[in-house]
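Residue-level listing of the chains:
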Amino acid sequence: MLKAGASESIFDAVNRQLSRHGYFVRGGQMVDASIAQAPKQSMSKEGKAPPLMKKR
């Protein structure tokens, strides 16, 4: 893609679509979209999830 010069036209097309929907991309920004594994949360007898943090 880089050798053919297609990457610029693809990014331009994506930016045009984003702009049409009110999103504006600025250069130099990185976004971390990692997915992290979390422990399974069980329900209490009352059907409620346990609190995340205990108050002291």
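Residues numbered from 1 in each chain as written. Predicted model: local features only at pLDDT ≥ 70, side-chain atom pairs only at ≥ 80, totals over all residues. Heavy atoms only, no water.

K.L.:
So, the overall build of the protein: which residues are in play, and what are the values?
P.N.:
Of the regular secondary structure elements, the protein holds one helix and zero strands. Across the 56 residues of the protein, 2% fall into the buried class. As presented, the protein carries roughly 6,400 Å² of accessible surface, and 58% of it is formed by carbon and sulfur atoms. (Helix = DSSP H or I, 4+ residues; strand = E, 2+ residues; numbered from the N terminus. Buried < 20%, exposed > 50% of the residue type's maximum accessible area, 1.4 Å probe, protein only. Areas by Shrake-Rupley, 256 points an atom, 1.4 Å probe, with all protein chains shown as cover.)

K.L.:
Help me get a handle on helix H1 (residues 6-20), residues and values and all.
P.N.:
Look at H1: 21 Å from first C-alpha to last across 15 residues, which is about the 21 Å you get at 1.5 Å a residue. Phi turns positive one or two residues past the end of H1, at Gly22, with a value near 90°. (Expected span 1.5 Å × (residues − 1).)

K.L.:
Could you give an account of a nonpolar patch on the surface, naming the residues involved and the relevant values?
P.N.:
A grouping of Ile10, Val14, Leu18, Tyr23 and Val25 is seen on the molecular surface, where their side chains present a nonpolar patch of about 450 Å² in accessible area. Summarising the element assignment, Tyr23 is placed in the segment after H1. (Patch = residues over 30% accessible without salt bridge, like charges linked within 9 Å, V, L, I, M, F, W, Y side chains within 5 Å. Salt bridge = Lys/Arg side-chain N within 4 Å of Asp/Glu carboxyl O.)

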